[in-house]
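So the chains spell out like this:
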Amino acid sequence: MPVTAGEDDDDRSGELMGLRIRSLRHQRGLSVNELAAKAGVSAGIISHIERGKANPSLRTLERIRTALGVPLSAILEETRD
């Protein structure tokens, strides 16, 4: 089945969100396991999200953002340089 522009955009958004989470995690000096423990989710889901392979629920994103100590916008919104 061909990929539509919308699906491609969704994939890219997921990848970018994952990269932002990974960057925030690194800035705080946390391992995947440490972030997972703080967020109350599995290390596997953190890994999948960071690699853009999972589409997390808002509840999961809220747990991650709380563990990272950032507003949800830091995870969801692209920064413009």
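This structure is a prediction, so every number in the text was calculated from the model and none was measured. Residue numbers here run from 1 along each chain, matching the order of that chain's written sequence. Totals for whole chains, interfaces and linings use all residues, but because this is a predicted model, local features are given only for residues with pLDDT of at least 70 and pairs of side-chain atoms are given and counted only at 80 or more. Where side-chain values are given, they derive from all heavy atoms of the structure, hydrogens and water being excluded.

**As for the overall build of the chain**
Item 1. In this text, helices come from DSSP runs of H or I with a minimum length of four residues, and strands from runs of E with a minimum of two, each type numbered from the N-terminal end. The number of helices and strands found in the chain is 5 helices and 0 strands.
Item 2. Shown N-terminal to C-terminal, the secondary structure of the chain runs as helices and strands in the order α-α-α-α-α.
Item 3. Here the chain holds 81 residues, and the buried ones make up 31% of them.
Item 4. When contacts within the chain are restricted to residue pairs at least 6 apart in sequence, those whose partners lie at least 24 apart make up 56%.
Item 5. For the area figures, the Shrake-Rupley method with a 1.4 Å probe applies, and any residue is considered shielded solely by the protein chains shown. As displayed, the chain has an accessible area near 5,300 Å², and 50% of this comes from carbon and sulfur atoms. Note on classification: 1.4 Å probe, protein chains only; a residue is buried when its accessible area is under 20% of the maximum for its type, exposed when over 50%, partly exposed between these limits. Any two residues whose heavy atoms approach within 4.5 Å are treated as being in contact.

**Points about the environment of Val70**
Item 1. Considering the arrangement of structural elements, one finds Val70 in the loop between α4 (58-68) and α5 (72-76).
Item 2. On the basis of relative accessible area, Val70 is assigned to the buried category, the value being 6%.
Item 3. Along the primary structure Val70 and Leu24 are separated by 46 residues, whereas in three dimensions their C-alpha atoms are 8.7 Å apart.

**Topic: the confidence of the model for the chain**
Item 1. Predicted confidence across the chain gives a mean pLDDT of 88, with 84% of residues reaching 70 or more.
Item 2. Per residue, pLDDT captures the predictor's confidence, and it can take any value from 0 to 100. Ranking the elements of the chain by mean pLDDT puts helix α1 (residues 5-27) last, at 83, and helix α2 (residues 32-39) first, at 98.

**Digging into the pattern of salt bridges**
Item 1. Salt bridge, as used here, is a side-chain nitrogen of Lys or Arg placed within 4 Å of a carboxyl oxygen of Asp or Glu. Under the counting rule described, the total for this entry stands at 4 salt bridges.
Item 2. Glu50 is paired through a salt bridge with Arg25; the nearest N and O atoms lie 2.6 Å apart. Of this pair, Glu50 sits in helix α3 (residues 43-50) while Arg25 sits in helix α1, and the two are 25 residues apart along the sequence. Per residue, the accessibility class of Glu50 equals that of Arg25, and both read buried.

**Remarks on the environment of Ala67**
Item 1. Tracing the sequence through the fold places Ala67 in helix α4.
Item 2. Under the relative-accessibility criterion, Ala67 is labelled buried at 9%.
Item 3. It is 8.8 Å that separates the C-alpha atoms of Ala67 and Gly40, two residues lying 27 residues apart in sequence.

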